[in-house]
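# Inside the fold
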Amino acid sequence: MTTIPFVSPKKRSSTSRASDPKIPNLTPEQLEAFGDEMDALRQRIVADLGEEDAAYIRGIVKRQQQFEVAGRVMFYLPPAWPLAVAALSVSKILENMEIGHNVMHGQYDWLGDPKLNSRIYDWDNVCPGEQWKYSHNYIHHTFTNVLGKDRDIGYGILRMDEDQKWHPYYLGNPLYAFLLMAFFEWGVAMHDLEVENIVKGRRKLGENAQLHAAIMKKVKRQALKDYLIFPALTGPLFPLTFAGNAVANLVRNVWAFNIIFCGHFPAGVATFTEEECEDESRGHWYYRQLLGSANITGGKLFHIMSGNLSHQIEHHLFPDIPARRYPEIAVEVREICERYGITYNTGRLSRQLYTVARKIVRLSVPTPKPKPGQEEPGAGQAVPEAA
Amino acid sequence: MTITQRVLSSRLVAALASPHSVDRYLEQINPMWAATEVRARVVDIVRETTGEHPVATLTLQPTGTWRGHRSGQFVQVGVDLEDGRRTTRCFSISSAASLPGERFTLTIRSHAEGVVSRYLVNEAEPGLILHLSQAEGDFTVHESAATPTNNHLLMISGGSGITPVMSHIRTLLRDGYDGHANRKVTFLHYARSPEDQIFADELAEIATADNGVTVQLRYGTHRFDPDELRRLVGDFRDIDTWACGPAGLIELIQDAYAGSPRLRVEFFKPPAFATDDDAEGTVLFARSGKTATNSGTNLLEQAEATGLTPEFGCRMGICFSCTSRKTEGTVRNVLTGETSSLPDEDIRICVSAPVGSCSIDL
């Protein structure tokens, strides 16, 4: 559920977008060497996977379940309502991000544990895991930030890149972004229906029948649990429990939305064209992943609560390596980037959020045509225009 | 089914745990609590033989979800090995038929290349939790003391192939099978040496008791011989026969029975190892029955070349859409160069190239 923009050198020279990162023009040989270094890093980590990673993810599952049970139980004590909501929110965030997202990426398939296997796992979210794995693991992670291919760029709702043609509809960009944040899990579930393509007549409604049925099945189960059975089990406290569950889902939505948008839309993130990515080498693929993602700095707890998607760059380079390894990988990736002169986009949550928000607002209005001869600012600056 | 079991496997409890299984929560409290999954605790380990390939019998206390087994069936056993990987192998059950929730035994020979058998025989301690399937397989006997027939039953086994056959014999004897109704059982077993003989004492007891069971043990280089079998039991092709053992023995037996429907066989599956040149041998796509000469490229492309349309996504090992089960053979991960020869392994076919012959469930 992430998106990324990326820009070809050709395109840049013609449009001169203020937000474009400084994309170094690596030679094919440099790209290959860069790809080899990434492959070597990957192999070293994969060879080292073992008991500690197994213990870590099982420990997180245990902790998540403790929060979940504690949250559900505390709804029986009305004064503890805020605590119950907090515990349930933490549980849902952990389950969706550090567990669900990462397990469904196949990060723990090597464990051979059916409960942590990407083909079997489904998360506590109205989007059926099966559909998410297609749109996310395949479409988004393969075509990261390729305009017209990666449907995570704006999710078909928002204008998140200058190269998306402006339309008066986009005047509502900030409003749509706010609504997507509040109803994020629903947005993710609807994502695969490609409603925008149906509106444009590019997709037939009939193509959605099966997807729609699967979503409705999942929605019913999720709603039954959070909005009927658990509230009913608390008897007269039904309304309080109902509200508490709704708030916990909302908290998870807001948190997940912010982490994901900060991983893909801050200033300095690049988008690419389909032509640039034709017959791309493995080195170029890595390079595109790097330029199409951004990290958020923070403490250990922050990283766990973000499912380590605060290391979006490392996640995009190695989506199937257990996320707990991203911090140690990041040290090496940064060093490699420095040597190749590739900008490594990272910043505090507040800084990344600010540039994302600014981009959402700025792109709600038409992008002014650049004046001929205007210099393109570098990526290092915290530039207003987003990629 | 106890009341607790009934509640735990109810739809209401399932709805509360959705989209996860109830077992995901129960397991955290006590590994022996389960709603649908089957797990077992190892309660006893007895060394049967020592030497190069030692054998041990493990007594398992399954969770209440165990539905019991018929003699001759096997169970998938998943073990969390020390590197954190759960590895699953099939083992025949050696004890007499069990009822739901009842204890049963596995008798396992440790093989040098068998990580699970080696671990269970040499390192397992009572208290170890195993992840099981329900009992599977149709290498079963329908005769019992209660059936009004007097069929002669013939059991042939080699090495650790004795385990399902032993389960048959134990079940028949426990349930009242004896020689007095003129019901004969002949048990012919091939072992490497008397020292390697599993269940030696029990077999000696069975042989001397008045029960209608004839025990014939053969050691060392003594090979299966159809004429010898004919001298023992007459025209064996008309006798209901259960045979379990290494592939070599089973092939000899199958040749001797010439397609007789009276013969039931059970194999072990040794991993096929890589040949020197990767692009050799044939690739079998087991589900569709198609075969192809191994071209050396990744399995996804080879499958597509035969006209199959397996599910795929990124075609570069990221998305796991193409994950398929390799039942036999060796594959090389084209990204890492790593090879793997494990049977029944899930692989990403877009980044796996066969090394020699292999079989894929596609």
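I will try to describe carefully the structure that is included in this document. Per-chain numbering applies: the sequence of each chain, read as written, is numbered from 1 onward. Here chains are named by letter from A upward and ligands by number from 1 upward, in the order in which they appear as written. For this predicted model, a pLDDT threshold of at least 70 governs which residues receive local features, and a threshold of 80 or more governs which side-chain atom pairs are given and counted, while totals over whole chains, interfaces and linings are taken from all residues.

## Things to note about the pairing of strand β11 (residues 263-267) of chain B
Residue and element names in this part refer to chain B. By the bridge criterion, five bridges tie strand β10 (residues 240-245) to β11 in an arrangement that is parallel. By the bridge assignment for β11, W242 is matched with R264. In terms of handedness, the path from β10 via helix α8 (residues 247-257) over to β11 forms a crossover that is right-handed. Two strands qualify as a pair provided DSSP detects at least 2 bridges between them. Helix and strand definitions follow DSSP, with helices as H or I runs of at least four residues and strands as E runs of at least two, each counted in order from the N terminus. Clockwise travel from the first strand over the helix to the second, with the strands pointing away from the viewer, marks a crossover as right-handed.

## Overview of the sheet that holds strand β2 (residues 55-62) of chain B
Residue and element names in this part refer to chain B. Strands sit in the order β4-β3-β6-β1-β2-β5 across an open sheet of six strands; the sheet is antiparallel. Because the sheet does not close on itself, it has two edges, and the strands there are β4 (86-92) and β5 (104-109). Direction aside, the axes of adjacent strands within the sheet are offset by 40° on average. For helices, the fitted line uses only the C-alpha atoms of the stretch in contact; every axis is such a line through C-alpha atoms, and the angle between N-to-C directions lies from 0 to 180 degrees.

## Things to note about the pairing of strand β13 (residues 290-293) of chain B
Residue and element names in this part refer to chain B. Where strand β12 (residues 282-285) lies against β13, four bridges are found, and the strand directions are antiparallel. Bridge pairing links L284 to T291 in β13. Between β12 and β13, which pair antiparallel and follow one another directly, the connecting turn spans four residues, one of which, G289, has a positive phi of 75°.

## Examining the interface of chain A and chain B
The interface of chain A with chain B comprises 31 residues on the first partner and 22 residues on the second. Those elements that place two or more of their residues in the side of chain A that touches chain B are α2 (28-48), α3 (51-74), α5 (129-142) and α9 (209-233) of chain A. Any residue pair is listed as a contact if its two C-beta atoms, each placed from the backbone, are within 7 Å.

## What about the sheet that holds β10(B)?
Residue and element names in this part refer to chain B. Read from one edge to the other, the open sheet built from five strands follows the order β9-β8-β7-β10-β11, with strand pairing classed as parallel. Two strands bound the open sheet, and with one partner strand each, they are β9 (213-219) and β11. Taken over all neighbouring pairs, the strand axes of this sheet differ in orientation by 10° on average, direction set aside. The strands touched by α8 are β7 (153-158), β8 (185-191), β10 and β11; relative to β11, the strand with the most contacts, the crossing angle is about 165°.

## Some remarks on α8(B)
Residues and elements named next belong to chain B. Within α8, the full set of buried residues consists of L249, I250, I253 and A256. With its buried residues spanning 125° around the axis, α8 presents them on a single face. Of the exposed residues in α8, those oriented more than 90 degrees away from the buried face are A247, G248 and D255. Of the surrounding elements, those touching the buried residues of α8 are β7, β8, α7 (226-233), β10 and β11. Following α8 by one or two positions, A258 adopts a phi angle in the positive range, close to 45°. Labels follow a simple rule on C-beta atoms placed from the backbone: if 20 or more others lie within 10 Å of a residue's own, it is buried; if 12 or fewer, it is exposed; otherwise it is partly exposed. Here the arc refers to the set of directions running from the helix axis out to each C-beta atom.

## A word on the environment of A:F75
All names here are of chain A. In this structure, F75 sits in the loop between α3 and α4 (81-104). For F75 and V85, which are ten residues apart along the polypeptide, the C-alpha to C-alpha distance reads 8.2 Å. Sequence-distant contacts of F75, that is, excluding residues within four places in its chain, are made with A84, T234, L237, L240, T241 and G244.

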